[in-house]
Amino acid sequence: AQSVTQLDSHVSVSEGTPVLLRCNYSSSYSPSLFWYVQHPNKGLQLLLKYTSAATLVKGINGFEAEFKKSETSFHLTKPSAHMSDAAEYFCVVRTESGGGADGLTFGKGTHLIIQP
Amino acid sequence: DSGVTQTPKHLITATGQRVTLRCSPRSGDLSVYWYQQSLDQGLQFLIQYYNGEERAKGNILERFSAQQFPDLHSELNLSSLELGDSALYFCASSVSSGGRYEQYFGPGTRLTVT
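All of the points below concern the structure found in this document. As the structure is a computational prediction, the values presented were derived from the model and not from experiment. (Residues numbered from 1 in each chain as written. Chains lettered and ligands numbered in written order. Predicted model: local features only at pLDDT ≥ 70, side-chain atom pairs only at ≥ 80, totals over all residues. Heavy atoms only, no water.)

### Here we look at unusual backbone geometry
Of all residues except glycine, most have a negative phi; of all peptide bonds, most are trans.
Residues and elements named next belong to chain B.
Phase 1 of the analysis: With omega at -10 degrees, the peptide bond leading from T7 into P8 counts as cis.
Phase 2 of the analysis: Within the secondary structure, P8 is located in the loop between β1 (5-7) and β2 (10-13).
Phase 3 of the analysis: Unlike most non-glycine residues, N51 shows phi in positive territory, near 50 degrees.
Phase 4 of the analysis: Summarising the element assignment, N51 is placed in the loop between β5 (42-50) and β6 (53-57).
Phase 5 of the analysis: Judged by its relative accessible area of 46%, N51 falls in the partly exposed class.
Phase 6 of the analysis: We note that L72 has phi near 80 degrees; this positive angle belongs to a residue other than glycine.
Phase 7 of the analysis: The residue L72 is located in the loop between β7 (64-68) and β8 (74-78) in this model. (Helix = DSSP H or I, 4+ residues; strand = E, 2+ residues; numbered from the N terminus. Buried < 20%, exposed > 50% of the residue type's maximum accessible area, 1.4 Å probe, protein only.)

Here is the structure:
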């Protein structure tokens, strides 16, 4: 079964400094991986996705993630944090159970705090 | 705006009652998914429909049921409600089922059971 583990429940960085949100995955085959962001009292927005093409994936708002099979990791990074990045971030793996069934399995989330 | 709509936005009801949550997928999307977000369980996949047929079940309770109608909108029915059912319920849609299609999420329905 596929699963994801987000290694930090909270991350605090200063505005203008780099962001690193860590995620490890477990999958018996090449997974489809995603990062979603949830701003307070808002729905979920897709930041980026990995689907076995390039291992370095660029997303919206300057975020990117690198798929590392040897480390079973899919960490999310951004070179310079902005106050508007403060939100909850979810690492997600697609749970494909055959016959086109494909719900998503979410990590527990990382709360990103941006200090002014 | 993802193009997925959910109604109502908020719902307050009492224990033992039954409610229906509605979701309209993005135009052209055939697959609809329901998720529950609660403080203790996090975000959990409940159920998936594709073109009117149930495709997959996740952690959905027997008291909950869903359906997808010919116009592709979907409803999630929650019955015999308990305090623990209080949560944010999201609907998502995608163009197709399986493969690499991303899911677009609606704004959610916040259910409060008192």
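### Here's the deal with the pairing of strand β9 (residues 87-94) of chain B
Residues and elements named next belong to chain B.
Phase 1 of the analysis: Across the eight residues that make up β9, a large majority, eight, are buried.
Phase 2 of the analysis: Alignment of strand β4 (residues 31-38) against β9, held across seven bridges, turns out to be antiparallel. Paired with S31 across the two strands is S94, which belongs to β9.
Phase 3 of the analysis: Bridge count for β9 against strand β11 (residues 109-113) is three bridges, and the pairing is antiparallel. Bridged to Y89 within β11 is T109.
Phase 4 of the analysis: As judged from the two bridges shared by β9 and strand β10 (residues 104-105), these two strands associate in the antiparallel manner. Residue pairing across strands places A92 opposite F105, the latter belonging to β10. (Pairing = 2+ DSSP bridges.)

### Some details on the pattern of salt bridges
Note that side chains of opposite charge can pair when their charged atoms are close.
Phase 1 of the analysis: This model, assessed by the stated rule, comprises seven salt bridges over all chains.
Phase 2 of the analysis: Note that K49 of chain A and E102 of chain B form a salt bridge whose closest N and O atoms lie 2.4 Å from each other. Taken together, the positions of K49 of chain A in strand β6 (residues 44-50) and E102 of chain B in the loop between β9 and β10 put the pair across two chains.
Phase 3 of the analysis: A salt bridge links E64 of chain A to K58 of chain A; the nearest nitrogen and oxygen atoms lie 2.8 Å apart.
Phase 4 of the analysis: The exposure class assigned to E64 of chain A is partly exposed, which follows from its relative accessible area of 23%.
Phase 5 of the analysis: A relative accessible area of 63% places K58 of chain A in the exposed class.
Phase 6 of the analysis: Taken together, the shared-partner salt bridges in this structure form one network comprising R63, E82 and D85 of chain B. (Salt bridge = Lys/Arg side-chain N within 4 Å of Asp/Glu carboxyl O.)

### Quick look at the nonpolar core
Most often, soluble globular proteins have nonpolar side chains that are buried together.
Phase 1 of the analysis: W35, L48, F74, L76 and Y89 of chain A are the most contacted members of the largest nonpolar core, which has 26 residues in total.
Phase 2 of the analysis: When residues of this core are assigned to their parent elements, the largest contribution, four residues, is made by strand β10 (residues 87-96) of chain A.
Phase 3 of the analysis: Core analysis: the next-biggest nonpolar cluster, separate from the first, contains 21 residues, C23, A66, C91 and L111 of chain B among them. (Core = buried A, V, L, I, M, F, W, Y, C linked by side-chain atoms within 4.5 Å.)

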